[in-house]
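Summary of the model geometry
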Amino acid sequence: MSGQARLLVVDDEPSLQDIVATSMRFLGYEVSTAGTGREAVRVATDTRPDLIILDVMLPDFDGLEVMKRVRASGVDSGVVFLSARDTPADRIAGLTAGGDDYVVKPFNLEELASRVAAVLRRTRGDADGGGLLQVADLELDPETYQVTRAGKTIELAPTEYKMLRHLMVNANVVLSRQQLLDAVWGTDFYGDDSVVATYISYLRRKVDAPEVAETPLIHTHRGFGYVLRGQRH
């Protein structure tokens, strides 16, 4: 499968929920959030995420019950449990109930990202969920967030990274401004779509800079949109 994986982050601690959701969006995932079990079931049923990052302890009912209700509604999402409970019995209970992984709080965000990518590869068959993306001499590694071209490291801001990743996943496909706007900023963004052209310009200065490589990869199709192309057509 191709395209962005959809995640649901469920945690009743607003600060932790925000940190996890922001880090997952930075990696290019589409992210929804919920703070209670009931809300999680509702959002999961509505959005049908590919994976749920699910806190075990919630104010109304626990994560195991959330997973049970979500699965009963016909949503077969992968599940990565988050929990402060770290005994072997707790881990076994989560995995035996049908969870795909179990991460103990406090945790490292890079470790969580790696676990999420691994579960998506198993459950979604998603080549772009965590594997290396390559177009010509441009490479992007979602597991280390590293971008290189012709062996040279390219430093990108989070929004630049997200846009480049979407262009690489859809290499040789012309994407409209609206498609890029929806993918990078979300469908609820009501700003001017000229922001897309601004970030395309930022990317060109880094990815297609003369000191980085001789051949440009990012092309404009006037009246249509933009494409990242590794060879001429």
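Shown above is the structure to which this text applies.
Quick summary incoming for the structure in this document.

What counts, and where the lines are drawn
- Residues numbered from 1 in each chain as written.
- Predicted model: local features only at pLDDT ≥ 70, side-chain atom pairs only at ≥ 80, totals over all residues.
- Heavy atoms only, no water.
- Helix = DSSP H or I, 4+ residues; strand = E, 2+ residues; numbered from the N terminus.
- Expected span 1.5 Å × (residues − 1).
- Buried < 20%, exposed > 50% of the residue type's maximum accessible area, 1.4 Å probe, protein only.
- Arc of directions from axis to C-beta.
- Salt bridge = Lys/Arg side-chain N within 4 Å of Asp/Glu carboxyl O.

1. Things to note about the environment of Gly 151
Topologically, Gly 151 is positioned in the loop between strand 8 (146–149) and strand 9 (152–154). A C-alpha to C-alpha distance of 18 Å links Gly 151 and Arg 165, two positions 14 residues apart in sequence.

2. Brief notes about helix 1 (residues 14–26)
In a regular helix each residue adds 1.5 Å, so 13 residues correspond to 18 Å; helix 1 covers 18 Å between its end C-alpha atoms and thus fits that length. Of all the residues in helix 1, the buried ones are Leu 16, Gln 17, Val 20, Ala 21, Ser 23 and Met 24. All buried residues of helix 1 fall inside an arc of 165° around its axis, so they share one side. Away from its buried face by more than 90 degrees, helix 1 exposes Pro 14 and Ser 15. Directly beyond the C-terminal end of helix 1, a positive phi value near 100° is found at Gly 28.

3. A word on the pattern of salt bridges
Tallied over the entire structure, the rule returns 13 salt bridges. For Lys 105, the salt bridge is made with Asp 11, and the minimal N-O distance between the two is 3.1 Å. Here Asp 11 lies in the loop between strand 1 (6–10) and helix 1 and Lys 105 lies in the loop between strand 5 (101–104) and helix 5 (109–124), a separation of 94 residues in the sequence. In this structure Lys 105 comes out as buried when scored by relative accessible area, which is 16%. Here Asp 46 and Arg 42 are joined by a salt bridge, their closest N and O atoms 3.8 Å apart. Of the two residues, Asp 46 and Arg 42 are both situated in helix 2 (residues 37–47); the distance of four residues between them amounts to about one turn of the helix. Using a relative accessible area of 47% as the deciding quantity, one classes Arg 42 as partly exposed.

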